[in-house]
Amino acid sequence: MQFPESWLREFCNPALSTAELAETLTMAGLEVEELKPVAPPFSRIVVGEIKEAAQHPNADRLRVCQVDVGQPELLTIVCGAPNARVGIKVPCAMVGAELPPGEDGQPFLIKVGKLRGVESFGMLCSARELKLSEDHGGLLELAAEAVVGQNIREHLLLDDTLFTLKLTPNLAHCLSVYGVAREVSALTGAPLKTPAFAKAECTLTEVLPVKVSAPDLCGRFSGRIIRGVNPKAATPDWMVDRLARCGQRSVTALVDISNYVMFELGRPSHIFDLDKIHGGLDVRWGRAGELLKLLNGNTVTVDAQVGVIADAVQVESLAGIMGGDATAVSDDTSNIYVEAAFWWPKAIAGRSRRFNFSTDAGHRFERGVDPESTVEHIERITQLVLEICATPATVCGPVDDQQVAMPQPAKVALRVARAARVLGMPLTQAQCVKALTGLGLPVTEADGVIEVTPPSYRFDLQIEEDLIEEVVRMIGFHKLPQTPPQAPITAKLRPENQRSPFAVRHALAALGYQETINFSFCDERWEHELAGNPNPIKLLNPIASQMSVMRSSLLGSLLQVLKFNQDRKAQRVRVFEIGRVFLRDASVVSSDTTVQGFDQPMRVAGVAMGPVDAPEWGCKERPVDFFDVKGDLEALFAPICLSFEPAEHPAMHPGRCARVLCAGAAVGFVGELHPKWRQSLDLVQAPVMFEVDLKAALGRQVPRFEAVPRFQAVERDIAVLVAESVTHNALMQAIWAAPCGGILRDAVLFDIYRPKPQAADVQDGVPEKSMAIRLTLNAQDATLSEQQIEEAVAAVVATLSEKVAARQRV
């Protein structure tokens, strides 16, 4: 909310500077977001009157003006403004004046100049040149009663400050200049000037028939007929200026009056063209399919959830939000109907957002506007209409006031002891009473308890905590003690066998991957086809059509990043993400960190495409493959050993995909992108990707001491023939399962031999391959004997024969 300081001080003028007043409001919960001067600094600019205006002898678009600035002699000033004419009063910058800084940030100094051979002793100014507005169509014309020679800052009241308040929704009573002044009076003790409006003389008995059919929409409806107004009357300059300083442009006198009273007293109202109303008005809920063209030009379709004001023919207004175009006042209007109503906040809340716009009226009514002041505010509007738009034929009718469902105030009790405990500072009952009565709240005292009956304009006072907030607002938030927490704080230590997610990030970054952060929303097609999730979690209000469901896999987001980089000619891409996925799981119960029916595990995923290494002279370039990414995954988990088994995943190549096992438990997948997805994304190369549970990646083995062997190790090489289907993992599991008496230290596959197809070894019709393994044997207590070595090797060969049907090559 924006307003000029001068208007506020007309209602309450405390002995505080502008900065002190802003600090007082902020410390009371009315945050002053910005203080801005009405006009930038400038000097020696006065009111001047053009006495003569002759054509420049050497320029068609220039005029030589003789200007009276209150000095003995007229000033000769050359001006090119199209509206420079005899008789008007305009701002005149005399020689030596400083205009507001331009684009270079330096003030513009007025000197004696010569334009096309004619000397000019000053400058006539537009509003834009004074930085008062963006209007630069001509000179800023001043009122005819302006005093020649008067400082322009005094004449236009430019030594003023614009306050911009950032109000929370519970401070609806401060959405007006008078409402803020009421708070300032309570905070500073300065007297409050309460406006009083005399009742207009009613010489007309006519009343417009109004029916309130929806008491749950409108609790009070007041209106008055005024006939014989002049809609073409000019809005007074003082009103135009105040509206502009509140951020509202001037429209017409009748519209300006309605807006002015809203900013002044916080009451949105509406003025109908009486002659355009068919019959009477009906305040009701809308009906499905009804159309209404609004004042902003939009045509909306209402339903039973939206309140309207209708006549006998059509809907005329959106209740509490915006009037309709059909009954809007115009230059042809002569008779008007002034309406002020109390709309229930719940009946207005959210309605304007359904039509993708917001209004000042809706903003106020959905927070609550005083139901007791409708008649008073109609009298204020009537007073201004009679002052500005009256004609000899103007007559007023009586105020028709229908109170159908007024809110009933409920008393709220405040326990002084509880207030002190909540605020963490000592409080007395006298302090609480002083704070509450200063706000104009009627109180009833008892021993340690204060009962408050909220006034009609305070919709926010409903529970005890609301009163505690009012007390601390009046005392000042800055006076709350800075008490450190009294509860014992125990650092949450991470178990030694776990590492932090940051360590995982650093490990992947060391492997050449770059981290990305993506939305948790994705395309529903990805979930169906890429993640194999037939029933994804759908969003009720997606931010975009391609982000309509919650992701159950990180791979779709990473592939999108990969595609983005490839389209920008990135040759080598390695990206990863650590993020949450969202799965349906009926076994999950609600807690502080979970939602019933939904599992939200953290995962880590990566995608690699392009050359294995950055280009260099020392090695030949080759594309990344399955084993490179498998190695990265093993390096990430090291020293924990992973195992892999063939598997299938909807996003991965059927024959180039493996399930990742950690300690025998499946923790994720690694593999090459499925060809159909590579084709769909138009990728130049099939990327290799992985996705594993973050919890598994966080685990680590606690280092433990092992003595360095004192005796020399022995190495033995064996070569065995196995079926082509036997994997490295199966071979190693068989070797380590051999009963070697604890002396087997290491086993490494160092060679695989496959004969040429025409001479392939075949055992029972099954193709075979030769796998060579180097065994490292050692004992802690003595040097191994030849017998021990032979027995260990024989045990390994026997176990291989038993587990994988291997035959030793000779």
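Worth saying up front: this structure is predicted, and the values here are computed from it rather than measured.

Cut-offs applied
Residues numbered from 1 in each chain as written. Predicted model: local features only at pLDDT ≥ 70, side-chain atom pairs only at ≥ 80, totals over all residues. Heavy atoms only, no water. Salt bridge = Lys/Arg side-chain N within 4 Å of Asp/Glu carboxyl O. Buried < 20%, exposed > 50% of the residue type's maximum accessible area, 1.4 Å probe, protein only. Helix = DSSP H or I, 4+ residues; strand = E, 2+ residues; numbered from the N terminus. Phe/Tyr/Trp six-rings, centres within 6.5 Å; stacked < 30°, edge-to-face > 60°. Lys NZ or Arg CZ within 6 Å of the ring centre and 35° of its normal.

1. Points about the pattern of salt bridges
Pairing is possible between side chains of opposite charge, provided their charged atoms come close.
Point 1. Enumeration over the complete set of coordinates arrives at 41 salt bridges.
Point 2. Of the charged contacts in the structure, one is a salt bridge between Arg 153 and Asp 159, with a shortest N-O distance of 2.8 Å.
Point 3. Residue classification places Arg 153 among the buried residues on the basis of a relative accessible area of 13%.
Point 4. By relative accessible area, Asp 159 is classed as exposed at 61%.
Point 5. The salt bridge involving Arg 603 is made with Glu 691; its shortest N-O contact spans 3.5 Å. Of the two residues, Arg 603 sits in strand S33 (residues 602-609) while Glu 691 sits in strand S37 (residues 688-693), which places them 88 residues apart along the sequence. In this structure, Arg 603 and Glu 691 share a single accessibility class: buried.

2. Observations regarding the packing of aromatic side chains
Point 1. As enumerated under the stated definition, the model contains twelve aromatic pairs in all.
Point 2. Here Phe 355 and Phe 357 contribute two aromatic rings whose centre-to-centre distance is 6.4 Å and whose plane-to-plane angle is 20°, an arrangement assigned as stacked.
Point 3. Residue Phe 355 is classed as buried on the basis of its relative accessible area, which comes to 16%.
Point 4. When its relative accessible area of 12% is taken as the criterion, Phe 357 is described as buried.
Point 5. Considering the side-chain rings of Phe 519 and Phe 521, the 6.0 Å spacing of their centres and the 15° angle between planes classify their relative orientation as stacked.
Point 6. Grouping aromatic residues by their ring pairs yields a cluster made of Trp 7, Trp 238 and Tyr 260.
Point 7. One Lys or Arg, Arg 574, reaches over the ring of Tyr 513 and ends 5.3 Å from the middle of that ring.
Point 8. Just above the ring of Phe 750 sits the side chain of Arg 774; from NZ or CZ to the centre is 4.8 Å.

Function cannot be read off these values alone, since they describe shape.
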